[in-house]
Amino acid sequence: LPLISDRILTPTRKSEPHLVNMWRRSNGKVCAGVCFTGVNKTEFSPDAKYSSWGQTWASSKANYLSKVGKKHLIVCVGRLSPEKSVDEL
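Scanning the protein from N- to C-terminus turns up two helices and two strands. Reading the helices (α) and strands (β) of the protein from amino to carboxyl end gives β-α-β-α. Within the protein, buried positions represent 17% of all 89 residues. In the protein, the share of contacts with a sequence separation of at least 24, taken over all contacts with a separation of at least 6, comes to 34%. In the form shown here, the protein has an accessible surface area of approximately 7,700 Å², with 58% of it arising from carbon and sulfur atoms.

Turning our eyes to something else, we now look at helix 2 (residues 52–68). Counted at 1.5 Å a residue, the expected span for helix 2 with its 17 residues is 24 Å, and the 25 Å between its end C-alpha atoms agrees. Of the residues trailing helix 2, Gly 69 is marked for its positive phi of about 70 degrees.

To continue, consider a nonpolar patch on the surface. A cluster of nonpolar side chains, contributed by Trp 53, Trp 57, Tyr 64, Val 68, Leu 73 and Val 75, occupies part of the molecular surface with about 630 Å² of accessible area. Of note, Trp 53 is situated in helix 2. Assessed through its relative accessible area of 54%, Trp 53 is described here as exposed.

Fine structural detail should not be taken from predicted coordinates in areas where pLDDT scores are low. Averaged over every residue, the pLDDT of the protein is 77; residues scoring 70 or more account for 75%. Helix 2 holds the highest mean pLDDT among the elements of the protein, 91, whereas helix 1 (residues 16–22) holds the lowest, 72.

Here is what the cut-offs are and how they apply
Residues numbered from 1 in each chain as written. Predicted model: local features only at pLDDT ≥ 70, side-chain atom pairs only at ≥ 80, totals over all residues. Heavy atoms only, no water. Helix = DSSP H or I, 4+ residues; strand = E, 2+ residues; numbered from the N terminus. Buried < 20%, exposed > 50% of the residue type's maximum accessible area, 1.4 Å probe, protein only. Contact = heavy atoms within 4.5 Å. Areas by Shrake-Rupley, 256 points an atom, 1.4 Å probe, with all protein chains shown as cover. Expected span 1.5 Å × (residues − 1). Patch = residues over 30% accessible without salt bridge, like charges linked within 9 Å, V, L, I, M, F, W, Y side chains within 5 Å. Salt bridge = Lys/Arg side-chain N within 4 Å of Asp/Glu carboxyl O. pLDDT = per-residue confidence, 0-100.

Here it is, written out as structure tokens:
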């Protein structure tokens, strides 16, 4: 797989050293990196609803819910896992 893949992303720095060695090309080029998981508490907080982006999103959500005749919108992207620190939210 390392020979045909452009890059491998790992979820944590702890898992990266082993994978970096697997995805090191013969020319020494490293084709691995960390794609951090978790929630950015600055962007995803109750205060964000007062930002211009939050107001735009709330308006779009309200328009959609009205259009489809629903009261609530549930959004889930990804999975919950300990390294995402959801216990801090």
